[in-house]
Amino acid sequence: MAQKVILVDDLDHSEGDDVARREFPLLNRTFAIDLSDANQQRLSEALAFIEEVLENAREVKQASRSKKAADTSPRLRGYTLTDVREWAREQGLDVPPRGKMADEVIERFVAAHPDAAPEDPAGQSAEEAEESAETITARAEATAGV
């Protein structure tokens, strides 16, 4: 017993001897669709138009989350803001659980942990760094009313 396969155009649902499976590439993928000769011509024209558009267009990259005015030099060396938060809580200071850390809190942490002071590109000596830390501590204590 013979069977007859009738292909139907996927766009206009017409039947005919000219309907065939057509493959076409698009965006680095291959697609297949059953089309009549007339709709195949329309598809070819559309693909040619898309190709021309893509040749003249430019790709838009997905925006990434920008870092808000990231410091070009680190404010801490060998410590994280989590370390600062833990230390600040132990000192009875009110700090947010995440997000921006107040400069005063970081200054007090560096004063208490001189090894956390970032390297000074100007070549500040250890004695100068220690004097700066003492000045910061005195200023922070005066500000906090300690």
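Up top is the structure these notes are about.
Everything numeric in this text was worked out from a predicted model, so none of it was measured.

Cut-off values and rules
Residues numbered from 1 in each chain as written. Predicted model: local features only at pLDDT ≥ 70, side-chain atom pairs only at ≥ 80, totals over all residues. Heavy atoms only, no water. Salt bridge = Lys/Arg side-chain N within 4 Å of Asp/Glu carboxyl O. Helix = DSSP H or I, 4+ residues; strand = E, 2+ residues; numbered from the N terminus. Buried < 20%, exposed > 50% of the residue type's maximum accessible area, 1.4 Å probe, protein only. Axes fitted to C-alpha atoms, helices over the stretch in contact; angles between N-to-C directions. Parallel < 35°, antiparallel > 145°, perpendicular 65-115°, else oblique. Contact = heavy atoms within 4.5 Å. Nonpolar A, V, L, I, M, F, W, Y, C, P; charged D, E, K, R; others polar. Pairing = 2+ DSSP bridges.

## As for the pattern of salt bridges
Under the criterion given, the structure shown has two salt bridges. The closest approach of N and O atoms between Arg-22 and Asp-37, which form a salt bridge, is 2.8 Å. With Arg-22 in strand β1 (residues 20-26) and Asp-37 in helix α1 (residues 37-56), the pair connects residues that are 15 residues apart, well separated along the chain. With a relative accessible area of 44%, Asp-37 lands in the partly exposed category.

## Remarks on the environment of Glu-86
Relative to the assigned elements, Glu-86 resides in helix α2 (residues 81-90). Measuring from C-alpha to C-alpha, the distance between Glu-86 and Pro-97 comes to 9.8 Å, with eleven residues separating the pair along the chain.

## Points about the packing of α2 against helix α3 (residues 103-112)
Angle between the axes and distance between the axes are the two parameters that describe a pair of packed helices. Where α2 contacts α3, the two axes come as close as 10 Å, and the packing angle between them is 85 degrees. In terms of axis orientation, α2 runs roughly perpendicular to α3. For the pair formed by α2 and α3, the contact residues are Leu-81, Asp-83, Val-84, Trp-87 and Ala-88 on the first element and Val-105, Ile-106, Arg-108, Phe-109 and Ala-112 on the second. Across the contact of α2 with α3, the residue classes tally to eight nonpolar, no polar and two charged.

## Here we look at the pairing of strand β2 (residues 29-35)
Sheet topology note: the β1/β2 ladder contains seven bridges and is antiparallel. When the bridges of β2 are listed, Arg-21 appears paired with Asp-34. Between β1 and β2, which follow one another and run antiparallel, lie two residues, and Leu-27 among them has a positive phi close to 55 degrees.

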